[in-house]
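Per-entry structural report
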Amino acid sequence: MTLRSKITGTGSYVPKKVISNFDLEKKLNTSDEWITERTGIKERRIAARNETNSDLCLEASKKALEAAGLKAKELDMIIVATMSGDMPMPSTAAFLQSKLGAKEIAAFDMNAACSGFLYGLSVADNFIKTGTAKKILLVGSEVNSRFLDWEDRTTCVLFGDGAGAVILEPTRSKRGILSTSLYSDGDMWDYICLPGGGSTHPASAKTIKEKKHYIKMRGNETFKIAVRTLEKLVIDTLKENNLKPSQLSMLIPHQANLRIISATAKRLKLPMDKVALNLDKYGNTSSASIPIALDEVVREKRIKKDDYILLEAFGGGLTWASALIKW
Ligand code: UT7
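Residues numbered from 1 in each chain as written. Predicted model: local features only at pLDDT ≥ 70, side-chain atom pairs only at ≥ 80, totals over all residues. Heavy atoms only, no water.

1. Some details on the overall build of the protein chain
Spelled out, the test is: A run of H or I in DSSP becomes a helix once it reaches four residues, and a run of E becomes a strand once it reaches two; helices and strands are each numbered from the N terminus. Only C-alpha atoms enter the radius of gyration, while the globule expectation follows 2.2 Å times N to the 0.38, with N the number of residues. Each residue's exposure class comes from its accessible area (1.4 Å probe, protein chains only) as a fraction of the maximum for that residue type: buried when under 20%, exposed when over 50%, partly exposed otherwise. Note on contacts: a residue pair qualifies if any of its non-hydrogen atoms lie within 4.5 Å across the two residues. For this count, His and the chain ends are skipped, Lys and Arg are scored as positive, and Asp and Glu as negative. By convention, the charge on Lys lies at NZ, on Arg at CZ, on Asp at CG and on Glu at CD.
Each helix and strand counted, the protein chain has ten helices and 13 strands in total. A compact globule built from 327 residues should have a C-alpha radius of gyration of about 20 Å, and the protein chain, at 19 Å, falls within 12% of that. By principal-axis analysis of the C-alpha atoms, the protein chain measures approximately 60 × 45 × 35 Å. Taken over 327 residues, the protein chain has a buried fraction of 55%. A separation of at least 24 residues holds for 76% of the contacts in the protein chain among residues at least 6 apart in sequence. For the protein chain, the separation between the mean place of its 48 positive charges and that of its 38 negative charges on side chains is 4 Å.

2. Things to note about the nonpolar core
The nonpolar side chains of a soluble globular protein tend to be buried, and buried together. Convention followed: Put simply, buried Ala, Val, Leu, Ile, Met, Phe, Trp, Tyr and Cys residues joined by side-chain atoms within 4.5 Å make one nonpolar core. Domain delimitation follows an automatic or database domain assignment.
Core analysis: the biggest nonpolar cluster contains 41 residues, and Leu248, Leu268 and Leu318 have the highest contact counts within it. For this core, the secondary structure elements donating two or more residues are α7 (219-240), β11 (248-253), α8 (258-267), β12 (308-315) and β13 (319-326). Element by element, the count of residues in this core is highest for α7, at nine residues. Looking at which domains feed residues into this core, each of domain 1 (4-173) and domain 2 (178-326) supplies at least three. Excluding residues that lie within four positions of it along the chain, Leu318 makes contacts with Tyr183, Ser184, Asp185, Met188, Trp189, Tyr191, Ile192 and Ile225. In terms of nonpolar packing, the next biggest core, distinct from the first, is built from 32 residues, Ile136, Ala293, Leu294 and Trp327 among them.

3. Digging into α7
For the α-helix, the turn length of 3.6 residues means that residues three or four positions removed from each other point alike. We apply this condition: Expected helix span is computed as 1.5 Å times (number of residues minus one).
Helix length check: α7 (22 residues) gives 31 Å between terminal C-alpha atoms against 32 Å at 1.5 Å per residue, within 8%. Every buried residue of α7 is listed here: Thr222, Phe223, Ile225, Ala226, Val227, Thr229, Leu230, Leu233, Val234, Ile235, Thr237 and Leu238. Directly beyond the C-terminal end of α7, a positive phi value near 50° is found at Asn242.

4. Overview of the domain arrangement of the protein chain
Definition in use: Buried surface area refers to the total accessible area, computed with a probe of radius 1.4 Å, that the two partners give up upon joining, counted for both partners together. In what follows, salt bridge is the name for a side-chain nitrogen of Lys or Arg lying within 4 Å of a carboxyl oxygen of Asp or Glu. Each polar contact in these results corresponds to two N or O atoms within 3.5 Å; when the atoms are within protein, one needs to be able to donate a hydrogen and the other to accept it, and residues that are neighboring in sequence are counted only if both atoms are side-chain atoms. The nonpolar class holds Ala, Val, Leu, Ile, Met, Phe, Trp, Tyr, Cys and Pro. Asp, Glu, Lys and Arg form the charged class, and all remaining residues, Gly among them, are polar.
Domain boundaries in the protein chain define domain 1 (4-173) and domain 2 (178-326). Centre-to-centre separation of domain 1 and domain 2, based on C-alpha positions: 14 Å. Counting residues at the interface gives 49 residues for domain 1 and 45 residues for domain 2. Between domain 1 and domain 2 the total buried area reaches about 3600 Å² when both faces are included, carbon and sulfur atoms providing 62% of it. For the interface between domain 1 and domain 2, the tally reads two salt bridges. Between Lys211 and Glu151 there is a salt bridge, with the nearest N and O atoms lying 3.1 Å from each other. On the surface where domain 1 and domain 2 come into contact, there are 22 residue pairs in polar contact (both at pLDDT 80 or more). Within the residue set of the side of domain 1 that touches domain 2, elements represented by two or more residues are β1 (4-13), α2 (32-39), β3 (43-46), α3 (53-68), α5 (116-129), β6 (136-143) and β7 (161-171). With seven residues, the top contributor of residues to the side of domain 1 that touches domain 2 is α5. Its residues assigned to classes, the side of domain 1 that touches domain 2 shows 20 nonpolar, 16 polar and 13 charged.

5. A short note on the site of the ligand
Basically, it comes down to this: Think of it this way: one heavy atom of a residue within 4 Å of a molecule or strand is enough to make that residue near it. Method for areas: the Shrake-Rupley scheme with a 1.4 Å probe, in which residue coverage is limited to the protein chains shown.
Neighbouring residues of the ligand: 23 residues in total, closest Thr30, Asn220, His254, Asn257 and Asn284. In this structure, Asn220 approaches the ligand through a side-chain N or O atom, which is 2.7 Å from an oxygen atom. Between the ligand and His254 there is a distance of 2.9 Å, counted from an oxygen atom to a side-chain nitrogen or oxygen. Expressed as a share of its isolated accessible area of 960 Å², the protein-covered part of the ligand is 73%.

6. Considerations on the pattern of salt bridges
Taken as a whole, this structure holds 18 salt bridges when the rule is applied. For Asp190, the salt bridge goes to Arg218, with nearest N and O atoms at 3.1 Å. Of the two residues, Asp190 sits in the loop between β8 (176-184) and β9 (192-193) while Arg218 sits in the loop between β10 (216-217) and α7, which places them 28 residues apart along the sequence. Residue Asp190 is classed as partly exposed on the basis of its relative accessible area, which comes to 31%.

7. Here we look at the sheet that holds β12
Put simply, the rule reads: We call two strands paired when DSSP finds no fewer than two bridges between them. In this description, a line fitted to the C-alpha atoms serves as the axis of each element, helices being fitted only across the stretch in contact, and the angle between N-to-C directions of two axes falls anywhere from 0 to 180 degrees.
Ordered by their spatial adjacency, four strands build an open sheet running β8-β13-β12-β11, and the pairing between neighbours is mixed. Looking at strand neighbours, the two that pair on one side only are β8 and β11, the edges of this open sheet. For this sheet, the mean inter-axis angle between neighbouring strands, taken without regard to orientation, is 15°. As defined by bridge partners, β8 adjoins β13 across eight bridges and the pair is classed as antiparallel. Across the sheet, residue Ser181 finds its bridge partner in β13, namely Ser322. Seen against the sheet, helix α10 (residues 289-299) touches β11 and β12 and runs at an angle of roughly 140° to β11.

8. Describing the packing of aromatic side chains
Threshold: A pair of aromatic rings is counted whenever rings of Phe, Tyr or Trp (Trp by its six-membered ring) have centres within 6.5 Å, and the orientation is called stacked for planes under 30 degrees apart, edge-to-face for over 60 and tilted otherwise. Here, over-ring charges are defined by two tests on the NZ atom of lysine or the CZ atom of arginine: distance to the ring centre within 6 Å, and angle to the ring normal within 35 degrees.
Scanning the entire structure with this criterion turns up two aromatic pairs. Ring plane angle 15° and centroid distance 5.8 Å describe the contact between Tyr183 and Trp320, whose orientation is recorded as stacked. With a gap of 137 residues between them, Tyr183 in strand β8 and Trp320 in strand β13 connect regions that are remote in the sequence. For Tyr183, a relative accessible area of 34% translates into the label partly exposed. Judged by relative accessible area, which is 16%, Trp320 ranks as buried. Cluster of aromatic residues (ring-pair linked, three or more members): Tyr183, Phe314 and Trp320. Here the basic side chain of Arg218 rests over the ring of Tyr191, its NZ or CZ set 4.1 Å away from the ring centre.

See the structure below:
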């Protein structure tokens, strides 16, 4: 039977500090009503001053390792999907490896913005399928709060911090990751971007003054493309796997906007109780949103053996991606 990869453990962590829509109302020209109606978000978590991205990764990873019954020393690869790493260099995965006390193994970051976790899942899946790696830790983690302009109501109300982790191991059963699909269209790079701090606009007094070190988003235009793209993506993913929407047990979408998620669920004729949702509690945690949601449904026992689960994401790049799993 074909070698494929299987998720053998999940974990997640969100910082303790909660910022509600009502807290934002006090500082910005916004309202709980606007944020709730337009996005579905009620509150988000914000990392403490001394908490780094790799600290969030560490907490989520410890839980995933425990769930898989593994020690960090048994891992042979660490991948961190993030766009808000500890430093531009070295990778957040290197810091995580050190904090976990994992032995000398491959450790690297991936950036596909909000699609990052599914890009990481696909890369990890391929390492396992070729037999190159046998125990991979994949984390999606973000400290978005450090890259938000807290005076810009069009972005700061949307994002939050958090981390989700999975362990992937080989299996020869019919269960596991059945397919992954990855897409990007770099012509649309400026729909969601963080222009400062790279080699195009290295940090300077000017870039700081021009607020280039914050996340920028052309929200409404992105919204329309996301709805259209994701509707096609989920149908194509099911077709590739010869499955009907009615065979799906759970949709685990990237948590950017409840209206985008509802449109995708509607296209699949899937009732909302079969959709994993947490953006009301955490906002948009970019590459962390899917692994956090996955960990929650696993721990709540909302998915069981042999269930078909569809994961999908859309984000900066623009990128979009899906994965189909038989649990
Ligand atoms: O995760 C990566 C992928 N990201 C996405 O998929 C996000 C996609 N976009 C969205 O989720 C939505 O477009 C937003 C939630 C960002 C915005 O919702 P929208 O329904 O597209 O609103 P809009 O941008 O068209 O703005 C409508 C109005 C504007 O005012 P005017 O011009 O009509 O007077 C905005 O200035 O709402 C105003 N507005 C706000 N009002 C109160 C924008 N932000 C706020 C705010 N509070 N926080």
